[in-house]
Amino acid sequence: MPLIGYARVSTEDQTPLPQSEALQSAGCTEIFEEHASGGNRARPVLARVLERIGKGDTLVVVRIDRLARSLSHLLEVIERLEDKGAFFRSLQDPIDTASPQGKFTLQVLGAAAEFERALIRERTKAGLASARSKGRVGGNPGLRAKDPEALRKVRLARQDGYMERLHETAQDWVPHVRRLRPDMAWEDVLRIINGPLPHDRRWTQSRLLRAVKAYVADGFLPAEVLGRAGRRETDDRLPAIVAAIKGADPEITLQAICDRLESMRERTPRGRTSWQPSSVRMLLERAERLGLL
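Residues numbered from 1 in each chain as written. Predicted model: local features only at pLDDT ≥ 70, side-chain atom pairs only at ≥ 80, totals over all residues. Heavy atoms only, no water.

- With an unreviewed UniProt entry as reference, the chain is termed Resolvase domain-containing protein, source organism Celeribacter indicus.
- The record in UniProt for the chain states the following under Sequence similarities (unreviewed entry): "Belongs to the site-specific recombinase resolvase family." (UniProt positions renumbered as here; feature names shortened; annotations may be inferred.)

Structure representation (structure tokens):
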């Protein structure tokens, strides 16, 4: 099965060449290089890699920290790969999800993460109970007094927390919004975003609009993405959707596009639920004539 390599360095001064050479020696047929901080989950190259990987492929890195800097992010990426029927391997760490030993190691890591979360919850509960027994009232005194400065700080903290959560999922939706809006209606953009995502991570239109507005306000997305979508002829809708999927991954196969359309529950031009590569090819040709590719 194809091995797809991912090499990352933090700054432009560093070179990913040693990683790429190690990945090439391991048999990787494709290698993607990225200059980005490991703490940033919204990495465009990583997002493209995760979009590109298909069933039976294996994502390979030299070390775990080249892919993720936190256990939660590592488990999140591996979960996305497993949802696609793909695998993960680290050359210098004992993780290869295609092997029983690697799966066991992953289960141990997941159990350790859950144990750590449980300890934090128990310590928090014990601390609150101890404070109550000593007569101390929890909460911020400024909030209890409705102090304007305290209220302002809480609003800012909540906004920071919200933006941090958005950064963790940005790779799922920001590239699509940047590429498709305002040329495509929000309903269709939403279906394209949700297509490859597991059910528990799918977006609603209201959540997506709130996230986009927050990113526009902070300058992460141009204001144009919030503009009104142009009216599109009914016959042009499917070519536009197929062109959007192809644009996100130029190497995607016709069968993979069929699978994506079926996961989006899009019907064929004849109203069928099952797609064939020939239908996709016809829509791609029409999209090219319309200037969508």
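A few points about the nonpolar core
Part 1 of the reasoning: Leu166, Trp173, Val177, Trp203, Leu208, Val212 and Leu221 are the most contacted members of the largest nonpolar core, which totals 39 residues.
Part 2 of the reasoning: Where this core is concerned, the elements lending two or more residues are α7 (148–180), α8 (186–194), α9 (205–217), α10 (237–248), α11 (254–263) and α12 (277–289).
Part 3 of the reasoning: Sequence-distant contacts of valine 212, defined by excluding residues within four places in its chain, comprise Trp173, Val177, Trp186, Leu221, Val225 and Leu226.
Part 4 of the reasoning: Judged by nonpolar contacts, the second largest core, of 21 residues, contains Phe32, Val45, Leu59 and Val61. (Core = buried A, V, L, I, M, F, W, Y, C linked by side-chain atoms within 4.5 Å. Buried < 20%, exposed > 50% of the residue type's maximum accessible area, 1.4 Å probe, protein only. Helix = DSSP H or I, 4+ residues; strand = E, 2+ residues; numbered from the N terminus. Contact = heavy atoms within 4.5 Å.)

So, unusual backbone geometry
Part 1 of the reasoning: The omega angle of the peptide bond from arginine 181 to proline 182 is 0°, so this bond is cis rather than trans.
Part 2 of the reasoning: Its location among the elements puts proline 182 in the loop between α7 and α8.

Looking at the domain arrangement of the chain
Part 1 of the reasoning: According to the domain assignment, the chain consists of domain 1 (3–107), domain 2 (169–226) and domain 3 (236–290).
Part 2 of the reasoning: Computed from C-alpha coordinates alone, the two centres of domain 2 and domain 3 are separated by 20 Å.
Part 3 of the reasoning: Of the roughly 820 Å² buried at the junction of domain 2 and domain 3 (both faces included), carbon and sulfur atoms supply 58%.
Part 4 of the reasoning: Linking arginine 191 and glutamate 266 is a salt bridge whose minimum nitrogen-to-oxygen distance equals 2.8 Å.
Part 5 of the reasoning: At the boundary of domain 2 with domain 3, the tally comes to three residue pairs in polar contact (both at pLDDT 80 or more).
Part 6 of the reasoning: Only α7 and α8 provide two or more residues apiece to the side of domain 2 that touches domain 3.
Part 7 of the reasoning: Its residues assigned to classes, the side of domain 2 that touches domain 3 shows four nonpolar, two polar and three charged. (Domains from an automatic or database assignment. Buried area = accessible area lost by both parts, 1.4 Å probe. Salt bridge = Lys/Arg side-chain N within 4 Å of Asp/Glu carboxyl O. Polar contact = N/O pair within 3.5 Å; in protein donor to acceptor, adjacent residues only side chain to side chain. Nonpolar A, V, L, I, M, F, W, Y, C, P; charged D, E, K, R; others polar.)

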